[in-house]
Number of protein chains: 2
Amino acid sequence: MVNIKDIAKLAGVSVTTVSRVLNNYPYISDEKKAAVLKAVQMTDYQQNMNAVSLRTGHTSLIGVVLPFSHHPYFGLLLNGIANEAIKHNHKLLLFQTNYEVEKEIEALRMLKEKRIDALIFCSRTCDWPIIQEYFPYGKIVLCEKIRDGSVSSTFVDHYKTFMGALDYLYDKGHRKIGYCIGRRSGTNSLDREAAYKDFITKHNLPFHSDYIYDHCLTFEDSIKVINKVKESNNPPSALLVTSDQTAAGIVTCCQKETISIPEDLALIGFDNQPIAKMMNITTFDIPYKEIGKKVFLQAIKDEISQEEITATFIERNTV
Amino acid sequence: MVNIKDIAKLAGVSVTTVSRVLNNYPYISDEKKAAVLKAVQMTDYQQNMNAVSLRTGHTSLIGVVLPFSHHPYFGLLLNGIANEAIKHNHKLLLFQTNYEVEKEIEALRMLKEKRIDALIFCSRTCDWPIIQEYFPYGKIVLCEKIRDGSVSSTFVDHYKTFMGALDYLYDKGHRKIGYCIGRRSGTNSLDREAAYKDFITKHNLPFHSDYIYDHCLTFEDSIKVINKVKESNNPPSALLVTSDQTAAGIVTCCQKETISIPEDLALIGFDNQPIAKMMNITTFDIPYKEIGKKVFLQAIKDEISQEEITATFIERNTV
DNA sequence: ATAAAATATGAAATGCATTTCATAGCAATA
DNA sequence: TATTGCTATGAAATGCATTTCATATTTTAT
């Protein structure tokens, strides 16, 4: 394999000059530059990026942590990040964690190993202090609201959004409201739970723990929800569904089960995915690609910043 | 930042010994080993993987090329690859190409730059000779049928599968069969087109170019299909839909439009996604996670191999 | 008892490119 | 004219860890 030394010899210059040509250093005579370029061409030379990274201390690689990539939520986010990465000539290292802490730590460790310049957490399971340990080793960016201003993040205020949705349903007359969520833990989920609890307290409504439907991520997860709703002798009259996929599934299920929407069951989805538009589901538009873009930009910037993204309510026909 | 030299000094041994301890070389006295480990612990030392990679020539990084990650097809494939990568202590570098050749070449270049050990193409746009150029620089694995045995691949025989589906529809009495596909180009699409053309030739059926519906990937892409079907004065009586997402969308559309399935329009989907089961769509099960797993294994193995994956027909209610 | 094999350790070479330092000619400025 | 700034180039140091040699001490085998 040909290296910079070979090029130098071939072009009759020093390795310094070769390096300078390769890195567009301005003060090089045209002859030497041409000679180097010719040698590169002839030998089909390519820098060894491990050597470059060792020397310069950075890799143009950004880590992305997400539990799985086959859900539209993460798919879209990843898409947004990837598109922006391309623009800035960075590559992405993917860490699929299945929500396992050990995998998240592995990703963090790669900051320390200098294999990545920064790390984006699309979602996390590990505790905050673990993340903090790795602050010295590179930029860490999250997709959740951060109390202290210690790291950059781009986030949707889920408390606010959830409360807005709940109030809307309340105004429409609903008193038995439930919600479907991907997982109970995680900052974003806890924020929504807090909103839900504050809401029922505010309006003096009874708390039904069975109005909270867990593990709702996909289209088919709706089956379990509708089965539970059918079995209940006091079912909710409205559901907040944190994924449009599941909301669409619920609509489909209800058609089969002759549960009419919104009369028997009102629905508010989240994400404003194309399927929600197609099925006329009232939802919140959340610009995931935009979030992906922002989060990437934060990852490559030196300054720490917090960006709040607003979810916009889209009224359609399921309430 | 503390390096191996610092550890050596601290532990009172040579850097060689430190390296050996770190790499589990067998012949080290217990005292020295303990001293090194203690120094590592104390200083929170972590190897610089760029230096390791520079020296050893490999990175434990595998590149994955795919057009986009927000479609279940690629999401599932990626998931399968990622799960297997974890088992083998490898990480994935993601190349999202949007089917652009330039991006694919960038991915290939990273083999040459020694940033990745191998490259998996989930889908490609670039021509074969371009790929061939990079054979010397690392293992390349594809998800398509390979003529010559020059690279490893895991693939579904789409010609065979498509022909099987067409024959099935023919036996059921269908003579006006169309199909929905993601893109017209690409080996897999061309294989299906070949099957389609051979099929109509075999049965002496007329070729309607408008029976081929392009750009069908997502649920909502079904709208265009159904609109075209409605407008046609000689619409197909059956459709092969290469993505269950789109097939599910078609089912949903048809419900609204009161086109009854399978009477007015028969449907065979592909992928056997959960949504197909839920909506009772006749489809082909294609084990994408399994393909992902295989393809990863091929990427880290030295030998070249070709693995054919069989798509299994699942009869449900849309034919 | 002696040769061969196993255990244990370190100095120095190596992988490859960037960057600092040093040097020198030439043009612009004071 | 003297001084500063720009252009141009290369030797050597540097980033960090692995691996090859070289060497020495113990064991084991013959």
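Residues numbered from 1 in each chain as written. Chains lettered and ligands numbered in written order. Predicted model: local features only at pLDDT ≥ 70, side-chain atom pairs only at ≥ 80, totals over all residues.

Participant: So what about the relation of the copies chain A and chain B? Which residues, and what values?
Facilitator: The two copies are related by a screw motion: chain A maps onto chain B through a turn of 180 degrees and a shift of 0.0 Å along the axis, at an RMSD of 0.1 Å. The operation mapping one copy onto its partner corresponds to a two-fold rotation axis. Using C-alpha coordinates, one finds that chain A approaches the rotation axis most closely at Leu93 of chain A, a distance of 2.3 Å. Mapped onto chain B, 100% of the interface residues of chain A again fall at the interface, so both copies present the same surface. (Least-squares fit on C-alpha atoms with pLDDT ≥ 70 in both. Contact = placed C-beta atoms within 7 Å.)

Participant: Outline the protein's contact with DNA strand C, listing residues and values.
Facilitator: In the vicinity of DNA strand C lie 26 residues, with Asn3, Ile4, Ser19 and Ala51 of chain A together with Ser14 of chain B positioned nearest. Those elements giving two or more residues to the surface near DNA strand C turn out to be α2 (15–22) and α4 (49–56) of chain A together with α2 (15–22) and α4 (49–56) of chain B. (Near = placed C-beta within 6 Å. Helix = DSSP H or I, 4+ residues; strand = E, 2+ residues; numbered from the N terminus.)

Participant: Break down the sheet that holds strand β6 (residues 177–180) of chain A for me, with residues and values.
Facilitator: Residues and elements named next belong to chain A. Spatial strand order, β7-β6-β8-β9: four strands in an open sheet with parallel pairing. Of all strands in the sheet, those bounded by a partner on one side alone are β7 (212–213) and β9 (266–268). Sheet analysis places strand β8 (residues 238–241) next to β9, joined by three bridges and oriented parallel. Along β9, the bridge assignment pairs Leu240 with Ile268. (Pairing = 2+ DSSP bridges.)

Participant: A description of the interface of chain A and chain B should follow, citing residues and the corresponding values.
Facilitator: With 36 residues of chain A at the contact, the number on the chain B side is 36 residues. Elements with a contribution of two residues or more to the side of chain A that touches chain B: α4, α5 (72–87), β2 (91–96), α6 (101–112) and α12 (274–278) of chain A. Here the side of chain A that touches chain B is composed, by residue class, of 17 nonpolar, 11 polar and eight charged. Bridging between β2 of chain A and strand β2 (residues 91–96) of chain B involves three bridges; their strand directions are antiparallel. The partner of Leu92 of chain A across the bridge, within β2 of chain B, is Leu94 of chain B. (Nonpolar A, V, L, I, M, F, W, Y, C, P; charged D, E, K, R; others polar.)

Participant: Can you explain the domain arrangement of chain A? Please cite residues and give values.
Facilitator: Residues and elements named next belong to chain A. Splitting chain A by domain gives domain 1 (4–47), domain 2 (60–156 + 288–310) and domain 3 (158–285). Here the C-alpha centroids of domain 2 and domain 3 sit 28 Å apart. Opposite the seven residues of domain 2 that make contact, domain 3 presents 12 residues. In the side of domain 2 that touches domain 3, the residues fall into three nonpolar, two polar and two charged. (Domains from an automatic or database assignment.)

Participant: Report on the environment of Leu240 of chain A, specifying residues and quantitative values.
Facilitator: Residue and element names in this part refer to chain A. Along the polypeptide, Leu240 turns up in strand β8. C-alpha separation for the pair Leu240 and Cys180, spaced 60 residues apart in sequence, amounts to 6.2 Å. If we skip the residues at most four places from it in the chain, Leu240 touches Phe162, Ala165, Ile177, Tyr179 and Ile268.

Participant: Describe unusual backbone geometry, naming the residues involved and giving the relevant values.
Facilitator: All names here are of chain A. Backbone torsion omega between Ile261 and Pro262 reads 10 degrees, so that peptide bond is classified as cis. Along the chain, Pro262 turns up in the loop between α11 (244–257) and β9. Residue Asp44 is not a glycine yet carries a positive backbone phi of 60 degrees. Its place among the elements puts Asp44 in the loop between α3 (30–43) and α4. Residues other than glycine seldom take positive phi values, yet Asp271 does so here, at roughly 110 degrees.

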